[in-house]
Amino acid sequence: MIRPFMESDTEELVRLWLDSAGTSFGFLPATFWSSLEEHIRTLYLPMSDEIVLHIDDATGRIDAFLAFAGEYLGALFVAPHMQSRGLGARMFRIARRMHPDLTLSVHKENGRAVAFYERQGLSVLAERIDNSTGCQEYVMGFRNDADKS
């Protein structure tokens, strides 16, 4: 089931974010993510214009979410046990319908995520340093209207 975020989802969403980041960002120390827990709760989630959740029908638990700030897809996380099952692609299709001109950033070292977004039709538009991690990241988006089909 797809539904919008509610304040009562905050703690479960923070846990999913941290669990997913821990498996996706192996190049960053686990302490990096645990130090961001309060920022996720008090800064990143509140600054998001739209947060959309995927709820597992069997458990009623959040197993994926996406968060936007304008056209910028700031987060697309899938619970580790649900990865590689098509849920990320489904969430990305929803994101694209919501914001056809979306852009996002992904760490260059996160090759699995870079490949995922390339399969979804995104291209690297720029490269920069992520100020919070010091790592190189790609800014990705659609180059032209032909990329969006």
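Re the pairing of strand β7 (residues 136–141)
1) Next: Burial analysis of β7 places five of its six residues in the buried class, the great majority of the element.
2) Next: Relative to β7, strand β5 (residues 103–107) runs antiparallel, the two sharing five bridges. Each bridged residue has a counterpart across the sheet, and for Leu 104 the counterpart in β7 is Met 140.
3) Next: The antiparallel hairpin formed by strand β6 (residues 123–129) and β7 contains six residues in its connecting segment, where Gly 134 sits at a positive phi of about 80°.

Side note on the side chain of Ser 105
1) Next: Positionally, Ser 105 belongs in strand β5.
2) Next: At a separation of 3.0 Å, a polar atom in the side chain of Ser 105 contacts the side chain of Tyr 72.
3) Next: A polar side-chain atom of Ser 105 sits 2.6 Å from a polar atom in the side chain of Arg 128.
4) Next: Ignoring anything within four residues of it in the chain, the contact list for Ser 105 reads Tyr 72, Arg 128, Glu 137, Tyr 138 and Val 139.

Concerning the nonpolar core
1) Next: Ranked by size, the top nonpolar core spans 25 residues in total, and within it Phe 92, Leu 104 and Tyr 117 carry the most contacts.
2) Next: If you list the elements that add at least two residues to this core, you get β3 (62–69), β4 (72–78), α4 (87–98), β5, α5 (111–119) and β7.
3) Next: Per-element accounting of this core gives the leading share, six residues, to α4.
4) Next: Contact partners of Phe 92, with chain neighbours within four places excluded, come to Leu 73, Leu 76, Leu 102, Leu 104, Phe 116, Tyr 117, Gln 120, Leu 122 and Phe 142.
5) Next: Membership of the second largest hydrophobic core comes to 18 residues, among which are Trp 17, Ile 51, Ile 55 and Ile 62.

A closer look at the packing of aromatic side chains
Two measures describe an aromatic ring pair: the distance that separates the ring centres and the angle between the ring planes.
1) Next: Following the criterion strictly, the structure yields seven aromatic pairs and no others.
2) Next: Relative to Phe 65, the ring of Trp 17 lies with its centre 5.6 Å away and its plane at 40°, an arrangement referred to as tilted. A residue pair is termed long-range when its members are at least 10 positions apart, and Trp 17 in helix α1 (residues 10–24) and Phe 65 in strand β3 qualify at 48 residues. The two residues Trp 17 and Phe 65 agree in class, both being buried.
3) Next: The interplanar angle of 35° and the centroid separation of 5.3 Å between the aromatic rings of Trp 17 and Phe 77 together place this pair among those described as tilted. One end of the pair, Trp 17, is in helix α1; the other, Phe 77, is in strand β4, with 60 residues separating them in the sequence.
4) Next: Classification of Phe 77 by relative accessible area gives buried; the value is 10%.
5) Next: Site record: aromatic cluster; members linked through ring pairs are Trp 17, Tyr 44, Phe 65 and Phe 77.

Observations regarding unusual backbone geometry
1) Next: For Ser 84, which is not glycine, the phi torsion reads 65° and is therefore positive.
2) Next: Here Ser 84 shows up in the loop between β4 and α4.
3) Next: Ser 84 gets classed as exposed once you look at its relative accessible area, which sits at 69%.

Brief notes about the pattern of salt bridges
Proximity of charged atoms lets side chains of opposite charge pair with each other.
1) Next: Inspection of the entire model under this criterion finds eight salt bridges.
2) Next: Residue Arg 41 is joined to Glu 37 by a salt bridge in which the shortest nitrogen-to-oxygen separation is 3.2 Å. Here the residue Arg 41 and the residue Glu 37 both occupy positions in helix α3 (residues 37–47), the gap between them amounting to four residues, near one helical turn.
3) Next: You can call Glu 37 partly exposed: its relative accessible area is 23%.
4) Next: Across the pair Arg 128 and Glu 137 runs a salt bridge, and its minimum N-O distance is 2.7 Å.
5) Next: Given a relative accessible area of 39%, Arg 128 falls into the partly exposed group.

Conventions we followed
- Residues numbered from 1 in each chain as written.
- Predicted model: local features only at pLDDT ≥ 70, side-chain atom pairs only at ≥ 80, totals over all residues.
- Heavy atoms only, no water.
- Buried < 20%, exposed > 50% of the residue type's maximum accessible area, 1.4 Å probe, protein only.
- Helix = DSSP H or I, 4+ residues; strand = E, 2+ residues; numbered from the N terminus.
- Pairing = 2+ DSSP bridges.
- Polar contact = N/O pair within 3.5 Å; in protein donor to acceptor, adjacent residues only side chain to side chain.
- Contact = heavy atoms within 4.5 Å.
- Core = buried A, V, L, I, M, F, W, Y, C linked by side-chain atoms within 4.5 Å.
- Phe/Tyr/Trp six-rings, centres within 6.5 Å; stacked < 30°, edge-to-face > 60°.
- Salt bridge = Lys/Arg side-chain N within 4 Å of Asp/Glu carboxyl O.

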